[in-house]
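Given next are the chains, with one letter for each unit.
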Amino acid sequence: MKRVCLVCMGNICRSPMAEVVLRRTLAERGLDAEVDSAGTGGWHAGEPMDERALATLADHGYDGSSHRARQFDRAWFAERDLILVMDHDNLRALRRIAPPDADIRLLRSFDPAAPEGAEVPDPYYGGREGFVEVLRMVEAACEGVAKHLEDH
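A brief structural summary. (Residues numbered from 1 in each chain as written. Predicted model: local features only at pLDDT ≥ 70, side-chain atom pairs only at ≥ 80, totals over all residues. Heavy atoms only, no water.)

**Digging into the packing of helix α1 (residues 14-28) against helix α2 (residues 51-59)**
Alright, step 1. The geometry of α1 relative to α2 is characterised by a closest axis approach of 10 Å and an angle of 25° between their N-to-C directions. By the angle between their axes, α1 is roughly parallel relative to α2. For α1 against α2, the interelement crossing comes out right-handed. The residues of α2 that touch α1, namely those facing M17, V20 and V21, are A53, T56 and L57.
Alright, step 2. Class assignment of the residues belonging to the contact of α1 with α2 gives a composition of five nonpolar, one polar and no charged. (Axes fitted to C-alpha atoms, helices over the stretch in contact; angles between N-to-C directions. Helix = DSSP H or I, 4+ residues; strand = E, 2+ residues; numbered from the N terminus. Parallel < 35°, antiparallel > 145°, perpendicular 65-115°, else oblique. Left-handed = near helix turned anticlockwise from the far one by under 90°. Contact = heavy atoms within 4.5 Å. Nonpolar A, V, L, I, M, F, W, Y, C, P; charged D, E, K, R; others polar.)

**Overview of the environment of E133**
Alright, step 1. Structurally, the position occupied by E133 is in helix α4 (residues 128-151).
Alright, step 2. Judged by its relative accessible area of 33%, E133 falls in the partly exposed class.
Alright, step 3. Separated by 131 residues in sequence, E133 and K2 have C-alpha atoms that sit 28 Å apart. (Buried < 20%, exposed > 50% of the residue type's maximum accessible area, 1.4 Å probe, protein only.)

**Focus on α2**
Alright, step 1. Those residues of α2 that sit buried are A53, T56 and L57. Buried residues of α2 fall within an arc of 100° about the axis and therefore sit on the same side. For α2, exposure combined with an orientation more than 90 degrees from the buried face picks out E51 and D59.
Alright, step 2. Buried positions along α2 lie against α1 and α4.
Alright, step 3. The opening residue of α2 is D50, an N-cap whose side-chain oxygen sits 2.7 Å from the backbone nitrogen of R52.
Alright, step 4. The first or second residue beyond α2 is G61, which carries a positive phi of 85°. (Arc of directions from axis to C-beta. Polar contact = N/O pair within 3.5 Å; in protein donor to acceptor, adjacent residues only side chain to side chain.)

**Digging into unusual backbone geometry**
Alright, step 1. A positive phi angle, near 65°, is found at N11, a position not held by glycine.
Alright, step 2. Taking relative accessible area as the criterion, N11 reaches 0% and is therefore assigned buried.

**A few points about the pattern of salt bridges**
Alright, step 1. Applying the stated criterion across every chain, the model contains 16 salt bridges.
Alright, step 2. Between E19 and R23 there is a salt bridge whose closest N-O contact spans 2.6 Å. In this pair, E19 and R23 are both assigned in helix α1, four residues apart and thus about one turn of the helix distant.
Alright, step 3. Given the relative accessible area of 40%, R23 is considered partly exposed.
Alright, step 4. A salt bridge links E143 to R29; its shortest N-O distance comes to 2.6 Å. Placement of the pair is E143 in helix α4 and R29 in the loop between α1 and β2 (33-39), with a sequence separation of 114 residues.
Alright, step 5. By relative accessible area, E143 is classed as partly exposed at 35%.
Alright, step 6. By relative accessible area, which is 34% here, R29 ends up partly exposed.
Alright, step 7. Here the salt bridges do not stand alone but share partners, grouping D36, R70, E79 and R80 into one network. (Salt bridge = Lys/Arg side-chain N within 4 Å of Asp/Glu carboxyl O.)

Below, the structure is given as C-alpha cells:
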C-alpha cells in the first residue's frame, strides 16, 4: 500500500483540502493508499481546518470536519512513499531535512495543464474565492496523482 503525505505551511488550508480530495479521488478509483497531511510549521497543531477551507470543501461535497493540524515529523520520510508540497518554500524546507531518497514533489506537477513549477497559492490572507481556486487546482492535480499511483 502506498502512503502519501500532503504538506503546506500550517496544515489548516491547502494540505488538508488536498488530503480530503486525494483520499476521495483514490477511493473512487479503487486504489488502496493511505493519505495524510501536515505542515512544515507547528503553529496550528491540534486545530481544525480553517473555516473557509472547510466550507469550500463542504460546498463541493467533501467532508473535512475530522481534520486536526499537525507538524511534519522527520521520521515520516521513512514511512511515506510520496510527499507532495504546495509551494517552493515547503519544498525547500523539507528537502533541507530529507534523506537523499525521499520522493518530494510539488502537488501541481501532477496536473498536466499546470505550468512547470506551478504552486498552490496560500489562500489564508485572502477571501473565499482563493479557497475555491485552491480546490480547483487540488482537484486537477489529484487526478494526476491517482494516475501516477495506478501506474506505479
